[in-house]
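Survey of secondary and tertiary structure
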Amino acid sequence: MEHDLLEIRGLHVHYVTDTDDVQAVNGVDLTLKRGEVLGLVGETGAGKTTVALSIMQLIPDPPGIILGGEILFKGKNLIYNSDKENQEMRGNGISMIFQDPMTALNPIMTVGQQLAEVVVKHKKLSKKAALEAAAEMLERVGVTRDRLNDYPHQFSGGMKQRAIIAMALLCSPEILIADEPTTALDVTIQAQVLEIIRHLIRENDMSMILITHDLGVVAETCDRIAIMYAGKVVEYGSVQDVYTHPKHPYTQGLFGSIPKMDTEDERLSPIPGMAPNATALPSGCAFYPRCGHCQDRCRESAPDMRGTEHQYRCWLDAE
Amino acid sequence: MESLLTVSHLKKYFDVPAGRLHAVDDVSFSIRRGETLGVVGESGCGKSTLGRVLLGLYPATAGDIIFQGMDLSTFSKKDLIPIRREMQIVFQDPYASLDPRLTVAQIIEEPLRLHHVCRSTAERRERVEELMEMVGLSKRAYNLYPHEFDGGRRQRIVIARALAVGPKFVVCDEPVSALDVSVQAQVLNLMIDLQERLGLTYLFISHDLSVVKHISDDVVVMYLGQVIEKAGKRDLFKTPMHPYTIALLSAIPSVNIREKRQRIILKGELSSPIDPGEGCRFAKRCPFATEECFQTTPLYRELEPEHFVACHRAEEVRSGALQFKSV
Ligand SMILES: Nc1ncnc2c1ncn2[C@@H]1O[C@H](COP(=O)(O)OP(=O)(O)OP(=O)(O)O)[C@@H](O)[C@H]1O
Ligand SMILES: Nc1ncnc2c1ncn2[C@@H]1O[C@H](COP(=O)(O)OP(=O)(O)OP(=O)(O)O)[C@@H](O)[C@H]1O
Ligand SMILES: [Mg+2]
Ligand SMILES: [Mg+2]
C-alpha cells in the first residue's frame, strides 16, 4: 500500500497523575501529504500541542501516555522507534518549533552561537560558514546581522520567536511542525516569515503542520485545516470548503468570535461557556453544553465523522 | 477631556555589544482619562520597552512623563512607590507571568500586601473574592494553582492581580495575543467592561490590528523606536498617511478567502536600531523614498487635526499621488 508522508490513526493520549486522568487526545486521525500545509486549529486545551508532541515522540512521560493508535512516518510507526531512531528522525526528518519560545533558547549563549551550532550539526559546515548561514537566515526573518552577538534577553518577544523559526528552518526538515510560530509577530513580519516558509516548502518539497488560533493565517498559508475540540478532530477539509461552508457549530462559533476589520465597534460574540474539563468530558458530543443546536441525541452518544472530502463530527441534519 | 498621562521626548537606550540601541527614541503623546491608546508596530520596534519605561520598570534615558500633573522623571525611587499603585501592567504571557508555586488567592493578594492596602486578613480575603468575581473567576478557584487553568482563565488572574490595588492606568502588553479567538473575545469584552466600570485608562499594546481597532480610541504606530503616525482610530484605519501604516494595514491576514485583497509585501533591508543615523528609519523599505528621506529625519507633525505623521511625502500619500504597487 502506498503511504502518505505522515499518517496518524486513532491516536489516544492521556496525562495521568495521582489525582487526575486528563483525556487530552481521544482518537485523532490525520494525514499529511508531501508538500502539503495542514492547519491545526482549536481552543486552548483542545490537544493540539499533545498531537504535535506525540509525532515528535516527546510526550512527557510521566504523566503522558500514548494509549493507542499509530503514527506512520513514511510508513514506519514512530511509536515503536528506539531512542536512537527518534533522535535521527528529529534531526533530519521532523523538526518542531515549540509553542514557548522562551524555553527553546539558551539564555547563556548568544543567538548567533546557538544558530551556528544547529548548522554545524546538520550540515557539517565549518564554524565560520555556519555563522554566516545563521546570519543569513536571521536576516531572512527580519533580524539584522548586527544582533548576532546578542543574548536572548536582549531580544524582544517577537525577535526571540524569529530566532527559533530560523533555527528550525536551518535544519531543513521534511516535516516542520510549527506550534503557534507567529503569535508574537506583527502582520508585516508575519507575512514575511510565512512567505519564507512557503518558499522553503516549495523549494525543498517540505510539508508543514501549522498550529495556530489565527484563522486568517490558516486561510493564507494552509491547504487543509483540521479543527480540534476536546481531543478530537471535529471538522477536517480543504481550507476552501471549511471557510466557505463551515459545518460544525463549533467552527461556526470560531468564525463569529473574530473581531472584524470592516465593521464598527460591535460587541464580540464569543462562543458561550468554557471548554470542557478534560478530566471529566461530557458523554456524547463534547461540544453539546455550549451548542445552540443541541438535541437529546447529542447528549447521549458521540457523533462519528461524516462526509468524505470535507468531514465533520456532528449529529445535526443526520438522519 | 483632560489628559491622564503625557509623555514628551521620551528616550530609552540600551548598551548592547554592537553599540547603543535606540529602543524608544523621542516619543511624545498623551492619553485622555478613561480612554484607550492602542500601540502597534513591528516586532522589536519598542512597544514593550515604552510600556515599561512609563511604569518606571526601566529608567528613562531622557524625556518627561507627566502623570496626573506630576512629572515622574523628577521622582526618586521612594516617591514612585505610591504612584505604582496607580499604574499597573498586564503582560502577554499568562504562563510566564504567574508564579506556579502560589495559589490564585496568594497571587491576587500579593500587590495588596506590598502596598498595605488591607488592614486585616478578613478584609483582604473579601477584596480577593470581590476581584475574582469581577473578572469572572469562580469562588472554587481560590485555592487552586495557575497550572490548573487554561490561558484565558490565567489571563483573568493576571488582570485581577493588576486591578487589586485600584490603579487608574493599566499598560496591557499583548494581553490577548496568546489566547485563541473565542477566549480572546471573552477577555477583550471583560477588559472593556472593567474600563467602563472602573474608569480605567489603558495603553494597549498589540500587534493584532483588528484587536487594537476594536478596543482603542486613538492609535499610535511605532517604527524602530519612533512614533510615525498617530490618529483617532477611525482616521487611522480609514486614511492612513504613512507608507508603513498603509503596508501594515494591507498585510492583515483575512479569513475571507473569497475576496482576494491587495497586499503590499515590503521589500528591502531592515534598518538597525543600533546607532541609527539621520534620515527616515523606514526609507530603506519605502518605495517612495527620495534622497531627502535618507538624509533628514522627517518631522512629526499634525497634518490634519489630531492626525500626526512623520513622513516627508505624507501630503502626496494623502492626496493619492503616491500609490503602492500591490501584489
Ligand atoms: N504535562 C501535562 N500534565 C498534565 N496535563 C497536561 C500536560 N500537558 C497538557 N495537559 C493537558 O492536556 C490537555 C491538552 O493540552 P494541549 O497542550 O495539548 O492543548 P493545546 O490545544 O495545545 O492548547 P493551547 O492552545 O493552550 O496550547 C489540556 O487539558 C492540558 O491541560
Ligand atoms: N534589556 C534589553 N537589553 C538590550 N536590548 C533590549 C532590551 N530590551 C529590549 N531591547 C531591544 O529594544 C528593542 C525594542 O524591544 P521591545 O521589547 O520594546 O520591542 P517590542 O516592540 O515590544 O517587540 P515585540 O512585538 O517583539 O514584543 C529591540 O531591538 C530589543 O532587542
Ligand atoms: Mg498548545
Ligand atoms: Mg513586546
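For the structure itself, look to the data block above.
Our subject in this report is the structure included herewith. Small disclaimer: the values here were computed from a predicted structure and weren't measured.

How each quantity is defined
- Residues numbered from 1 in each chain as written.
- Chains lettered and ligands numbered in written order.
- Predicted model: local features only at pLDDT ≥ 70, side-chain atom pairs only at ≥ 80, totals over all residues.
- Heavy atoms only, no water.
- Helix = DSSP H or I, 4+ residues; strand = E, 2+ residues; numbered from the N terminus.
- Rg over C-alpha atoms; globule rule 2.2 N^0.38 Å.
- Buried < 20%, exposed > 50% of the residue type's maximum accessible area, 1.4 Å probe, protein only.
- Lys, Arg positive; Asp, Glu negative; His and termini not counted.
- Charge placed at Lys NZ, Arg CZ, Asp CG, Glu CD.
- Patch = residues over 30% accessible without salt bridge, like charges linked within 9 Å, V, L, I, M, F, W, Y side chains within 5 Å.
- Areas by Shrake-Rupley, 256 points an atom, 1.4 Å probe, with all protein chains shown as cover.
- Salt bridge = Lys/Arg side-chain N within 4 Å of Asp/Glu carboxyl O.
- Contact = heavy atoms within 4.5 Å.
- Buried area = accessible area lost by both parts, 1.4 Å probe.
- Polar contact = N/O pair within 3.5 Å; in protein donor to acceptor, adjacent residues only side chain to side chain.
- Disulfide = S-S within 2.5 Å.
- Core = buried A, V, L, I, M, F, W, Y, C linked by side-chain atoms within 4.5 Å.
- Domains from an automatic or database assignment.

Helix and strand counts for chain A come out as eleven helices and eleven strands. For 319 residues, the compact-globule estimate of 2.2 N^0.38 gives 20 Å, and the C-alpha radius of gyration of chain A, at 20 Å, lies within 12% of that figure. Along the first, second and third principal axes, the C-alpha atoms of chain A reach 65 × 55 × 40 Å. The burial tally for chain A puts 55% of its 319 residues in the buried class. Charge separation in chain A, taken as the distance between the mean sites of 30 positive and 43 negative side-chain charges, equals 4 Å.

The next point concerns a nonpolar patch on the surface. Taken together, Val 16, Ile 65 and Leu 67 of chain A make up a surface patch of nonpolar side chains, about 240 Å² in accessible area. Looking at where Leu 67 of chain A falls in the secondary structure, it is placed in strand S4 (residues 64-73).

Residue and element names in this part refer to chain A. This model, assessed by the stated rule, comprises 28 salt bridges over all chains. Of the charged contacts in the structure, one is a salt bridge between Arg 9 and Glu 7, with a shortest N-O distance of 2.4 Å. A salt bridge links Glu 70 to Arg 9; the shortest N-O distance between them is 2.6 Å. Within this pair, whereas Glu 70 is found in strand S4, its partner Arg 9 is found in strand S1 (residues 6-16), the two being separated by 61 residues in sequence. Taken together, the shared-partner salt bridges connect Glu 7, Arg 9 and Glu 70 into one network.

Given 3.6 residues per turn, any residue in an α-helix points the same way as the ones three and four places further on. Counted residue by residue, helix H10 (residues 249-257) of chain A has seven buried out of nine residues, so it is predominantly covered. Looking at H10 of chain A, one finds that the buried residues are Pro 249, Tyr 250, Thr 251, Gly 253, Leu 254, Phe 255 and Ser 257 of chain A. Taken together, the buried residues of H10 of chain A touch strand S3 (37-42), helix H8 (215-221), strand S9 (224-229), strand S10 (232-238) and helix H9 (239-244) of chain A together with helix H6 (181-198) of chain B.

With that settled, the discussion passes to the interface of chain A and chain B. Across the boundary between the two partners, chain A contributes 54 residues, which contact 55 residues of chain B. Summing both partners gives a buried area of about 4500 Å² for chain A against chain B, and 59% of it is carried by carbon and sulfur. Broken down residue by residue, the surface that chain A buries against chain B is led by Val 187, His 213 and Met 261 of chain A, which jointly contribute 14%. Summed over the shared surface of chain A and chain B, the result is zero salt bridges. Between the two partners, chain A and chain B, sit eight residue pairs in polar contact (both at pLDDT 80 or more). Mapped onto the side of chain A that touches chain B, the elements with two or more residues apiece are helix H6 (157-170), helix H7 (187-204), H8, H9 and H10 of chain A. With six residues, the top contributor of residues to the side of chain A that touches chain B is H7 of chain A.

To continue, consider unusual backbone geometry. Glycine aside, the phi torsion of most residues is negative, and most peptide linkages are trans. Residue and element names in this part refer to chain A. A cis geometry characterises the amide bond from Asp 61 onward to Pro 62, with omega recorded as -10 degrees. Within the fold, Pro 62 resides in the loop between helix H1 (48-56) and S4. Residue Pro 63 follows Pro 62 across a cis peptide bond; omega there is 0 degrees. The backbone phi angle of Gln 57 is positive, close to 60 degrees, even though this residue is not glycine. Inspection of the secondary structure assignment puts Gln 57 in the loop between H1 and S4. For Glu 180, which is not glycine, the phi torsion reads 50 degrees and is therefore positive. Within the secondary structure, Glu 180 is located in the loop between strand S7 (175-179) and H7.

So, on to the state of the cysteines. Residues and elements named next belong to chain B. Counted according to the given criterion, the structure contains zero disulfides over all chains. Cys 45 takes part in no disulfide bond, and the closest cysteine sulfur to it belongs to Cys 280, at a distance of 14 Å. Cys 280 provides the cysteine sulfur closest to Cys 293, a residue in no disulfide bond, and the two sulfurs are 6.2 Å apart. We classify Cys 293 as buried; its relative accessible area is 8%.

Core analysis: the biggest nonpolar cluster contains 74 residues, and Ile 108, Ile 159 and Leu 194 of chain B have the highest contact counts within it. Take this core: its biggest share by element is eight residues, from H6 of chain B. Looking at this core, you find at least three residues from each of domain 1 (3-86 + 167-319) and domain 2 (101-163) of chain B. Ala 116, Leu 148, Ala 178 and Val 217 of chain A belong to the second-largest nonpolar core, a separate cluster that totals 65 residues.

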